[in-house]
Amino acid sequence: MISRIKGTEDTIEESWLWEWIEGRFKEVATNFGFTQIRTPTFEATELFDRGVGNETDIVQKEMYTFEDKGGRSITLRPEGTAPVMRAFIEHNLSSKGLPQKLFYYGPMFRYEKPQSGRLREFHQFGAELIGSALPIADVFVISMAIEMLNSVGLTNFKLKINSTGDEKCRPEYVKALRNYYRDLLPKLCDDCKVRYERNVLRLLDCKKDAQYAKDAPKITDYLCSDCKAHFETLKRYLDELDIQYEVDPSIVRGLDYYTRTVFEFKYPALGAQDAIGGGGRYDKLIEELGGSKTPSVGFAFGIERIILALKMENKVPEAKGIDVYVIAVEDAQRVESLKIAKALSKFFTVDVDIMGRNLKGQFSQASKENARFVIVIGEEEIKEGLYTIKNMKTGEQKRVRFSDIIEMVKI
RNA sequence: GUGGCUGUAGCUCAAUUGGUAGAGUGUCGGACUGUGGAUCCGAAUGUUGUGGGUUCAAGCCCCACCAGCCACCCCA
């Protein structure tokens with residue numbers, strides 16, 4: 001037997017749930033004026049090297065990279081923002097006016113050790129608001145994200161925010177952090193010794209050395225006046241919109257392109273993989289990829305984790321059954337039942353037996369498919385030109401004309 | 001990538017100190033030749049994750065691999 005690749009999933013009985021979530025998210029995004037962008041699932045490796053950042057874990061150890069037959073280095077996209085910005089630049093979308101509001105949906109790939117809520121192929125729904133440097137843009141995007149979560153019934157999530165500064169103040173902060181950790185270096189875990197060299201910010205969210213992070217210098221004390229003003233305004237707007245949040249200095253996010261605002265939606269009940277979504281501002285990404293300076297902000301949700309959270313909250317809606325099941329009493333009425341089913345399929349979801357089951361078997365099947373109504377077609381029905389319709393919930397049943405069937409099922 | 005736990009029917013799980021697999025549920029059929037979800041009866045289904053090894057004998061012990069889960073790492 002050939003089985004699926006480690007860290008991937010087949011979605012069979014739950015396809016409807018996926019479609020439902022995608023539908024709700026698309027609806028909210030569309031109502032907020034976003035339109036969909038579809039980019040390839042693979043890109044030139046260089047895009048992520050430069051976009052996501054060479055020193056990040058994603059680029060260092062998680063990318064699905066291979067050489068194609070033309071000798072090009074290809075990478076299965078590990079995230080959605082860099083590809084969207086590539087497309088934004090490539091199609092000169094800024095010429096169409098700013099802001100550009102784009103959402104995307106699709107599979108992402110990261111070579112990691114799988115766990116529940118962490119797959120090698122997973123799905124993200126993301127949105128990018130391109131062109132505004134104002135804190136109001138951050139709040140716009142955050143409130144849309146919250147609307148999305150609410151639209152599928154999720155409420156027990158926490159919004160955590162932080163500011164990572166910009167190219168002016170972050171180096172100052174990094175310097176201060178280095179100073180602080182220099183003397184502690186021998187006491188730190190091996191990973192942190194590497195982080196000290198590569199990316200000091202990451203020291204802050206190490207779980208083993210959390211004791212030292214407590215007294216470490218805080219980024220918020222080192223923000224330059226512009227970044228500080230941005231952060232303060234953001235918080236004030238959130239307050240005014242009654243959006244609950246928590247400032248969490250340990251949120252630095254694993255992608256290099258973030259500047260100023262970063263945020264995460266946490267769902268603590270999920271355990272170690274508790275981020276159901278995250279995002280932030282990336283004011284320098286577009287110019288780093290060769291475009292002109294265009295400040296932007298965006299976020300992405302992980303669909304698998306949203307589904308886990310929904311299940312945990314018991315918020316998964318009931319799967320809908322079919323509207324009508326058409327039953328033939330005897331073989332002689334099978335063609336007629338198919339004709340009726342075909343006619344009804346123009347209006348409703350409908351099924352008919354093709355397994356040669358007897359009457360009872362067909363009724364069982366109708367129950368199993370959660371049919372709201374059953375149409376019974378036997379010798380008598382054909383003789384009278386009236387069809388028996390049974391409401392499967394109430395058990396009520398009567399003989400009606402075809403046009404009445406449509407009226408009854410419609411309700 | 002590191003460490004720990006696990007792997008038996010479609011699903012959830014049994015199987016004394018090693019003695020070549022069983023229940024519930026689901027599926028199918030019948031009780032019930034024009035009526036489902038209830039009840040009763042019956043039937044089918046496994047190379048015990050894969051491959052080696054130890055043993056007279058392995059679901060059980062040992063090794064390797066594969067997969068899942070948990071933690072780390074990191075994130076969605």
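What comes next is a walk through the structure. Everything numeric here is computed off the predicted structure, so don't read it as measured data.

Quick notes on the rules
Residues numbered from 1 in each chain as written. Chains lettered and ligands numbered in written order. Predicted model: local features only at pLDDT ≥ 70, side-chain atom pairs only at ≥ 80, totals over all residues. Heavy atoms only, no water. Pairing = 2+ DSSP bridges. Helix = DSSP H or I, 4+ residues; strand = E, 2+ residues; numbered from the N terminus. Contact = heavy atoms within 4.5 Å. Axes fitted to C-alpha atoms, helices over the stretch in contact; angles between N-to-C directions. Buried < 20%, exposed > 50% of the residue type's maximum accessible area, 1.4 Å probe, protein only. Expected span 1.5 Å × (residues − 1). Arc of directions from axis to C-beta. Near = heavy atom within 4 Å. Polar contact = N/O pair within 3.5 Å; in protein donor to acceptor, adjacent residues only side chain to side chain. Nonpolar A, V, L, I, M, F, W, Y, C, P; charged D, E, K, R; others polar. 1 Å grid on protein atoms, 1.4 Å probe; cavity = no way out; pocket = protein on both sides within 12 Å on 5 of 7 lines; lining within 4 Å. Points joined across faces, edges and corners; volume = space filled by probe spheres on them.

## Overview of the sheet that holds strand β9 (residues 261-266)
Here is step 1: A sheet is described by the order of its strands in space; here eight strands give the open sequence β1-β5-β6-β11-β10-β9-β7-β8, paired in mixed fashion. Whereas interior strands pair on both sides, the edge strands pair on one side only; in this sheet they are β1 (35-36) and β8 (246-247).
Here is step 2: The pairing of strand β5 (residues 100-109) with strand β6 (residues 121-130) spans ten bridges and is antiparallel. By the bridge assignment, Y105 is partnered in β6 with F125.
Here is step 3: Strands in contact with helix α4 (residues 81-90) are β5 and β6; relative to β6, the strand with the most contacts, it is inclined by about 45°.
Here is step 4: Contacts between helix α5 (residues 135-151) and the sheet are confined to β5, β6, β7 (158-163), β9, β10 (275-281) and β11 (296-302), with β11 contributing the most and set at about 15° to the helix.

## A closer look at unusual backbone geometry
The phi angle of most residues is negative, glycine excepted, and most peptide bonds adopt the trans form.
Here is step 1: Of the consecutive residues L98 and P99, the connecting peptide bond is found in the cis state with omega at 0°.
Here is step 2: Topologically, P99 is positioned in the loop between α4 and β5.
Here is step 3: One non-glycine residue, N314, adopts positive backbone phi at about 60°.
Here is step 4: With respect to the secondary-structure elements, N314 resides in the loop between α11 (303-312) and β12 (324-328).
Here is step 5: Given a relative accessible area of 70%, N314 falls into the exposed group.

## Focus on helix α1 (residues 15-31)
Here is step 1: The end-to-end C-alpha distance of α1 is 24 Å, a good match for the 24 Å that 17 residues give at a rise of 1.5 Å each.
Here is step 2: Among the residues of α1, those classed as buried are L17, W18, I21, E22, F25, V28 and A29. With its buried residues spanning 130° around the axis, α1 presents them on a single face. In α1, the exposed residues that point more than 90 degrees away from the buried face are E19 and N31.
Here is step 3: Buried residues along α1 sit in contact with β5, β6, α5, β11 and α11.

## Here's the deal with the protein's contact with RNA strand B
Here is step 1: In the vicinity of RNA strand B, 50 residues are found, and the nearest of them are R195, R202, R253, G254 and Q397.
Here is step 2: Within 4 Å of the protein, the contacting atoms of RNA strand B are drawn from sugar and phosphate to the extent of 54%.
Here is step 3: Note that a phosphate oxygen of RNA strand B is positioned 3.5 Å from one of the side-chain N or O atoms of K6.
Here is step 4: Those elements giving two or more residues to the surface near RNA strand B turn out to be α3 (57-61), β6, α7 (190-198), β10, α13 (359-368), α14 (379-384) and β15 (387-391).
Here is step 5: Tallying contributions element by element places α13 first for the surface near RNA strand B, with six residues.
Here is step 6: Counted by class, the surface near RNA strand B contains 13 nonpolar, 14 polar and 23 charged residues.

## Some details on empty space enclosed by the protein
Here is step 1: Applying the stated criterion across every chain, the model contains one cavity of 30 Å³ or more.
Here is step 2: Of the pockets and cavities examined, the largest cavity occupies roughly 30 Å³.
Here is step 3: Lining the largest cavity we find N162, S163, T164, R170, Y173, L201, I219 and V252.
Here is step 4: Contributing elements (two or more residues each) for the lining of the largest cavity: β7 and α6 (170-182).
Here is step 5: The residue makeup of the lining of the largest cavity, split by class, is four nonpolar, three polar and one charged.

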